[in-house]
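Architecture at a glance
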Amino acid sequence: MLFRSISQPDGNSAAYVQYALMRPEQIQLFIRMGQGTLIERIAVKIEDFIATSMPLPTPPEQKKIAECLSSLDGLIAAADRMLEALKAHKKGLMQQLFPQPGQTQPRLRFPEFRDKGEWVEKTISSLGEVITGSTPSTTRAEYYGGDRQFVSPADISELRFIRETKTTLTELGFQQTRPIKARSILFVCIGSTIGKVAQNLKDCATNQQINSVIAGTGTSADFLYYLLSECSERIAEIAGNQAVPIINKSLFSGFKVLCPKEDEQRRIADCLTALDTRIAAQAEKIDSLKQHKRGLMQQLFPAPEEE
């Protein structure tokens, strides 16, 4: 395997060169060569870039390596498209399963509930206990670094469940908070990510940017998650156009939603949970494919010390 500048064509495969330039080791080299910082845009002089050298096998071997990685990229792209299709299907299904503004019944209803009449208007606080989070003193080191989850908006993604948090609390720190029971609904009510929704798998605490709803008697916690997800944009509109968007506990608690009886709630939640399970499995598949690609590239290209 030769070690040549990328400015020397010699029949090189453009696809191979592209993959070689995508290696983390090569990117780190460009960072070291560049001017500026990671916060700013790093600029690499064109003469330094074209003088960059890398390991080059023969053109036929380059072609085989590029074809292998291109095939894997095709699988990843197809998996991404499937994930987006599942998300779009879920969004459309939720619009059918929940009444839209101005309606008192959903457009799509399971057969056993089609003669059950209109959904009933209720406030969020009537469906469960609303708790605003709080943050233990950050000057007390003994409060942090334990096994208790401490949820902030940064921990809430597109996925439904909170599985881990960037910050954790000790038992002593957890005692300084307002505990949230497992499978409650966490709703971001302050800041740029207002309207994000999640559900906790374990008992946890949250910071003050999150209002949590602990489902009460007669309310399915899983249904409540989907209900608040469906209403999240309308709830977020309460904040208006402020420099720091905020929905206080009183406004959040008094927001009105439409609900069916608990048996229909559970039927809707079961349907959407099954779809969420497929979405999560597809996301894991994509992560596995990407991890496989990273490992394969480490095998197909020499390590820096071998170069």
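Since we're looking at a predicted model, the values are computed, not measured.

**Notes on the overall build of the protein chain**
Secondary structure assignment for the protein chain yields nine helices and twelve strands. Burial statistics for the protein chain: of 307 residues in total, 42% are counted as buried. Carbon and sulfur atoms provide 52% of the accessible area of the protein chain, an area that totals close to 17,100 Å².

**Remarks on the layout of surface pockets**
When its volume is computed, the largest pocket comes out at roughly 1,300 Å³. Going through the elements one at a time, helix 4 (59-97), strand 6 (161-162), helix 7 (221-236) and helix 9 (262-300) are the ones with two or more residues in the lining of the largest pocket. Taken together, the residues that form the lining of the largest pocket break down as 13 nonpolar, eight polar and 16 charged.

**Here's the deal with the packing of helix 1 (residues 14-21) against helix 4**
Angle between the axes and distance between the axes are the two parameters that describe a pair of packed helices. Here helix 1 crosses helix 4 at 65 degrees, and the two axes come no closer than 8 Å. In terms of orientation, helix 1 and helix 4 fall into the roughly perpendicular class. For the pair helix 1 and helix 4, the crossing hand works out as left-handed. Across the interface between the two elements, Ala15, Tyr16 and Tyr19 from helix 1 touch Gln62, Ile65, Ala66, Leu69, Ser70 and Asp73 from helix 4. Per-class residue counts for the contact of helix 1 with helix 4 are six nonpolar, two polar and one charged.

**Looking at the sheet that holds strand 11 (residues 210-215)**
Spatially, the five strands line up as an open sheet ordered 4-11-8-9-6, and their pairing is mixed. Since the sheet does not close on itself, it has two edges, and those belong to strand 4 (128-132) and strand 6, each with one partner. As paired elements, strand 8 (residues 185-188) and strand 11 share four bridges and run antiparallel to each other. Pairing of Leu186 across the sheet is with Ser212, part of strand 11. In the packing of helix 7 onto the sheet, the strands contacted are strand 8, strand 9 (197-200) and strand 11, and the crossing angle to strand 9 comes to about 160 degrees.

**Examining the sheet that holds strand 5 (residues 144-151)**
Taking strand neighbours across the sheet as the criterion, the three strands line up as 7-5-10 in an open arrangement whose pairing is mixed. The sheet terminates laterally at strand 7 (167-169) and strand 10 (204-206), the two strands that pair on one side only. With strand direction ignored, the average angle separating the axes of adjacent strands in the sheet is 65 degrees. Note that strand 5 and strand 10 share three bridges and pair parallel. Each residue of the ladder has a partner; that of Gln149, found in strand 10, is Cys204.

**A look at the side chain of Ser13**
Mapped onto the elements of the fold, Ser13 is located in the loop between strand 1 (2-5) and helix 1. Taking relative accessible area as the criterion, Ser13 reaches 16% and is therefore assigned buried.

**Regarding the packing of helix 4 against helix 9**
Helix 9 packs onto helix 4 with a crossing angle of 165 degrees between their chain directions and a minimal axis gap of 10 Å. By the angle class used here, helix 4 and helix 9 are roughly antiparallel. Considering the relative orientation of helix 4 and helix 9, their crossing is left-handed.

**Quick notes on the environment of Arg107**
Tracing the chain through its elements places Arg107 in the loop between helix 4 and strand 3 (120-123). Counting along the chain gives ten residues from Arg107 to Leu97, while the straight-line C-alpha distance between them is 6.6 Å. If sequence neighbours within four positions are ignored, Arg107 has contacts with Gln95, Gln96 and Gln100.

**Description of the pattern of salt bridges**
All told, the structure shown has 13 salt bridges when counted by the stated rule. Across the salt bridge formed by Lys87 and Glu84, the nearest N and O atoms sit 4.0 Å from each other. A residue pair is termed a helical-turn pair when its members lie 3 or 4 positions apart in one helix, as Lys87 and Glu84 do in helix 4 at three residues. Taking relative accessible area as the criterion, Glu84 reaches 46% and is therefore assigned partly exposed. Salt bridges here are not isolated pairs; linked through shared partners, they connect Glu84, Lys87 and Glu158.

Definitions and cut-offs
- Every chain is numbered on its own, with residues counted from 1 as its sequence reads.
- Reporting in this predicted model follows two pLDDT cut-offs: at least 70 for local features of residues, and 80 or more for side-chain atom pairs to be given and counted; totals over whole chains, interfaces and linings ignore these cut-offs and use all residues.
- No hydrogens and no water enter the side-chain calculation; it runs on all heavy atoms of the structure.
- A run of H or I in DSSP counts as a helix once it spans at least four residues, and a run of E counts as a strand once it spans at least two, with each numbered from the N terminus.
- The cut-offs for exposure are 20% and 50% of the maximum accessible area for each residue type, with area from a 1.4 Å probe on protein chains only; residues under the lower value are buried, those over the upper are exposed, and the others partly exposed.
- Every accessible area reported is derived by Shrake-Rupley at a probe size of 1.4 Å, with residue values counting cover from the shown protein chains alone.
- Cavity and pocket criteria rest on a 1 Å grid covering protein atoms alone: a 1.4 Å probe that fits but cannot get out defines a cavity, protein on both sides within 12 Å along at least 5 of 7 lines defines an open pocket, and an atom within 4 Å of a point defines a lining residue.
- Grid points are joined across faces, edges and corners, and a volume is the space filled by probe spheres set on the points.
- Any residue outside Ala, Val, Leu, Ile, Met, Phe, Trp, Tyr, Cys, Pro, Asp, Glu, Lys and Arg is labelled polar, Gly included; the first ten of those are nonpolar and the last four are charged.
- Between N-to-C directions, angles span 0 to 180 degrees; the directions come from axes that are lines fitted to C-alpha atoms, helices contributing only their stretch in contact.
- An angle below 35 degrees is treated as roughly parallel, one above 145 as roughly antiparallel, one from 65 to 115 as roughly perpendicular, and anything else as oblique.
- Here is the rule for handedness: rotate from the far helix to the near one, and if that takes an anticlockwise turn smaller than a right angle the crossing is left-handed, while a clockwise turn gives right-handed.
- Contact definition: two residues touch when any of their heavy atoms are within 4.5 Å.
- Two strands are said to pair when DSSP picks up at least two bridges between them.
- Whenever a carboxyl oxygen of Asp or Glu lies within 4 Å of a side-chain nitrogen of Lys or Arg, that contact is scored as a salt bridge.

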